[in-house]
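Chain and residue survey
The lines below spell out each chain.
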Amino acid sequence: MENEEQCLKGFGSKMAPPYLDSFDDEEEEPLLLKITGLVPGYMQEEPFKLNKYLPVTPLPSLQPPHYPLTPQGTQPSTSGQQEESMTWTKKAAYGVGHILNDICASMWFSYTLLFFHAVLGMDGSVAGALLLLGQIVDALATPVVGILADKKAGESVVCGRWQYGRRKSWHLGGTLAVILSFPFIFMMCMVCSGSKNDDWTIALYYSVLVTVFQIGWASVQISHLSLITDLTPSEHQRTELTAIRYSLSVCSNVAVYSITWAVLHLTRGGVMNKIGPDDAYKFREIVLIGLVLGLIFTAWFHLGLKEPTSVHRPRSALNPGKGSTLLSRPQIQFFKSPRLYQVAFLYVSSRLYATLNQVYMPLYLDDSLDMEAEYLATIPLVSYASSFITSLCVKCINKRWGRKPTYLIGGIISIIACIWIYYGEGPSYENHQIYLVAALFGAGSSITLVTSLCITADLIGTNIESGASVYSAVTFADKLFNGIAVMIIEYMKCTGDSCPNYYRDALAFVCGGTASFGLIALATLIPFQVGGRRGH
């Protein structure tokens, strides 16, 4: 002990505090650790002169760190290394992981009300209530999934020799719930054959299916979204992943409308082909084709993308010192920050615009413009083709002009589409202009939705351990308000031919109002910087 005190005295005040672990040799081992620089908080300013301390010899197995020793609490940046590791195969494998969800969402929002109304003959209030139930279940499941997915985030789920990432485990479980429930929503009631007029039995049957489907859908959505911040700390690469995700979402919608058009075109009959009770088999075929396509891409996602674990995560993921300071507090505390609610309001407005446009465009074409069945697929197809093309440019626009100017452009385009659809009428509008209106709806939805998701990723910053919680928080109100909006619109709908332009007004005023609210939310964020400093 006296020899060690003399050695410590020779090093002076630059020596780190004593190493307080337990060793077999209490005299020599702590000193070796101090000399080799393995004590946190030690700053090496000059080489050690080991020949002054003859009793101490360095071990050959102990190699010096490959980077200069730094004080405890700081780490060298690895963003450049992480950016290089994001190959296109990895980005593509991530992007396809939400295609099954997108196909189901496209069918759910575009054709569920039409199927319930025209094929099953449901009352509008009952159909709206089922859609509201689905959105409520989705909204309630979202934060639960987010909290559970963030619990021990980065660790693997181990069952014997089988090991799987926690995010992808939630994704896999949600996928199973989706494929076991969603196809039956677009089929005739399988347990109601003896009571076709029993509205309560039919409503209960579809309520169970909708509940299971929405829980599974929420599990897939939140686990997939939270992987964005797990895979890279780079702001521009997160923007790219979000754009890829949204582009493939648009492609999924395009695929649904293409399949729908093909099925309706090949099975058309008569001069004025309108949707009716005899078309139930058409919806069944559309759903089954979409599910097979989605499952192929889900297999690609699970086989082609390895989820980062806590061992392989970037250092910035473990050190919240840079970027957004919001999530460095306990999770309960960050809900008190107004910035979270500003971003949530922005996202909700963007999502409401896109969803309500998707829900009521087919009903507007069928009820207000009295178009044939094929146009219920071709015009939404134009909208999503425009959305896809626009999504390819969103990354460049965000990088050149920034988040807020990009969102402003999208909001203005969205409002122009709503004004046009309200004043449009006549043969020229129905034959030609309606396609331009659909294109504007698609472009506005794409810009505002992608940019709002990028702003959400900026809010998370480097605090990826709470990514799922933040995404679940900002999507909770979106899903809830979507269901409430549809329920109110369906409940207020007049019966008969007394209001032929009801769905036109719903698109013009409700979608236009949500776009305006999005611009108001953007205005509240102008004085503030969301997340860390933008990269270059």
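Residues numbered from 1 in each chain as written. Predicted model: local features only at pLDDT ≥ 70, side-chain atom pairs only at ≥ 80, totals over all residues. Heavy atoms only, no water.

1. Let's talk about the overall build of the protein chain
Going by this rule: For helices the rule is a DSSP run of H or I covering at least 4 residues; for strands it is a run of E covering at least 2, with both sets numbered from the N terminus onward. Per-residue and other accessible areas follow the Shrake-Rupley method at a 1.4 Å probe size, with only the shown protein chains counted as cover for residues.
Each helix and strand counted, the protein chain has 19 helices and 2 strands in total. Here the protein chain displays about 24,900 Å² of accessible surface, and carbon together with sulfur accounts for 63% of that area.

2. A few points about the packing of aromatic side chains
Where we set the bar: Stacked, edge-to-face and tilted are the three classes for Phe, Tyr and Trp ring pairs, Trp counted by its six-membered ring, which pair at centre distances within 6.5 Å; planes under 30 degrees apart are stacked, over 60 edge-to-face, the rest tilted. For each residue, the accessible area found with a 1.4 Å probe, counting protein chains only, is set against the maximum for its type, and the residue is called buried under 20%, exposed over 50%, and partly exposed in between.
Within this structure, the stated rule accounts for 19 aromatic pairs. Seen in terms of ring centroids, Trp108 and Phe213 are 5.8 Å apart; in terms of plane orientation they differ by 50°. Their pairing is tilted. With Trp108 in helix α5 (residues 99-119) and Phe213 in helix α9 (residues 199-231), this pair connects stretches of sequence that are 105 residues apart. Pair check on accessibility: Trp108 and Phe213 agree, each one buried. Centre to centre, the rings of Phe115 and Phe283 are 5.2 Å apart; their planes meet at 65°, and the pair counts as edge-to-face. Separated by 168 residues along the polypeptide, Phe115 in helix α5 and Phe283 in helix α11 (residues 280-304) bring together distant segments of the chain. On the accessibility criterion, Phe115 (0% relative accessible area) is buried. Judged by relative accessible area, which is 5%, Phe283 ranks as buried.

3. Regarding the confidence of the model for the protein chain
Stated precisely, the cut-off is as follows: A score from 0 to 100, pLDDT tells how confident the predictor is in each residue. Throughout, a residue-residue contact means that at least one pair of heavy atoms, one from each residue, lies within 4.5 Å.
Overall, the predicted model of the protein chain reaches an average pLDDT of 76, with 71% of residues at or above 70. For the protein chain, per-element mean pLDDT is lowest for helix α12 (residues 315-318), which scores 42, and highest for helix α8 (residues 182-185), which scores 94. Contacts from residues 311-330, a stretch scored under 50 in pLDDT, to residues over four places away or in other chains number 45 contacts.

4. Regarding helix α15 (residues 375-401)
An α-helical turn contains 3.6 residues, so a residue and the one three or four places further along point in the same direction. Our working rule: Here, expected helix span is obtained from the residue count minus one, scaled by 1.5 Å. One axis is fitted to the seven residues ending at the residue and one to the seven starting there. The bend at that residue is the angle between these axes.
Between its terminal C-alpha atoms α15 stretches 37 Å, which fits the 39 Å expected from 27 residues at 1.5 Å a residue. At Cys393, α15 shows its largest kink, close to 35°. For α15, the complete set of buried residues consists of Leu376, Ala377, Ile379, Pro380, Ser383, Tyr384, Ser386, Ser387, Thr390, Ser391, Val394 and Asn398.

5. Quick look at the side chain of Ser106
Inspection of the secondary structure puts Ser106 in helix α5. Excluding residues that lie within four positions of it along the chain, Ser106 makes contacts with Tyr111, Asn253, Val256, Tyr257 and Gln358.

6. Things to note about the pattern of salt bridges
This is how the line gets drawn: Salt bridges are identified by distance alone: a Lys or Arg side-chain nitrogen within 4 Å of an Asp or Glu carboxyl oxygen.
Going through the model one piece at a time under the given rule, you end up with 5 salt bridges. As a salt-bridge pair, Lys479 and Asp138 come within 3.0 Å of each other at their nearest N and O atoms. One end of the pair, Lys479, is in helix α18 (residues 467-492); the other, Asp138, is in helix α6 (residues 124-150), and 341 residues separate them in sequence. Per residue, the accessibility class of Lys479 equals that of Asp138, and both read buried. Asp279 is the partner of Lys282 in a salt bridge, and the nearest nitrogen-oxygen pair spans 2.9 Å. When sorted by exposure, Lys282 lands in the same class as Asp279, which is buried.

7. Considering empty space enclosed by the protein
Any empty space left between atoms is shown by rolling a water-sized probe over those atoms. Under the convention used in this document: Site definitions follow a grid-based scheme: protein atoms alone, a 1 Å grid, a 1.4 Å probe that fits but cannot get out for cavities, and for pockets an open set with protein on both sides within 12 Å along at least five of seven lines, plus lining residues having an atom within 4 Å of a point. Grid points are joined across faces, edges and corners, and a volume is the space filled by probe spheres set on the points. Under the grouping applied here, Gly and all other residues not named as nonpolar or charged are polar, the nonpolar ones being Ala, Val, Leu, Ile, Met, Phe, Trp, Tyr, Cys and Pro and the charged ones Asp, Glu, Lys and Arg.
Taken as a whole and assessed by the stated rule, the structure comprises 7 cavities of 30 Å³ or more. Of all the secondary-structure elements, those providing two or more residues to the lining of the largest cavity are α5, α9, α10 (235-266), α14 (338-368), α15 and α17 (427-460). Per-element tally for the lining of the largest cavity: the top contributor is α14, with 6 residues. Residues of the lining of the largest cavity, tallied by class, amount to 12 nonpolar, 12 polar and 3 charged.

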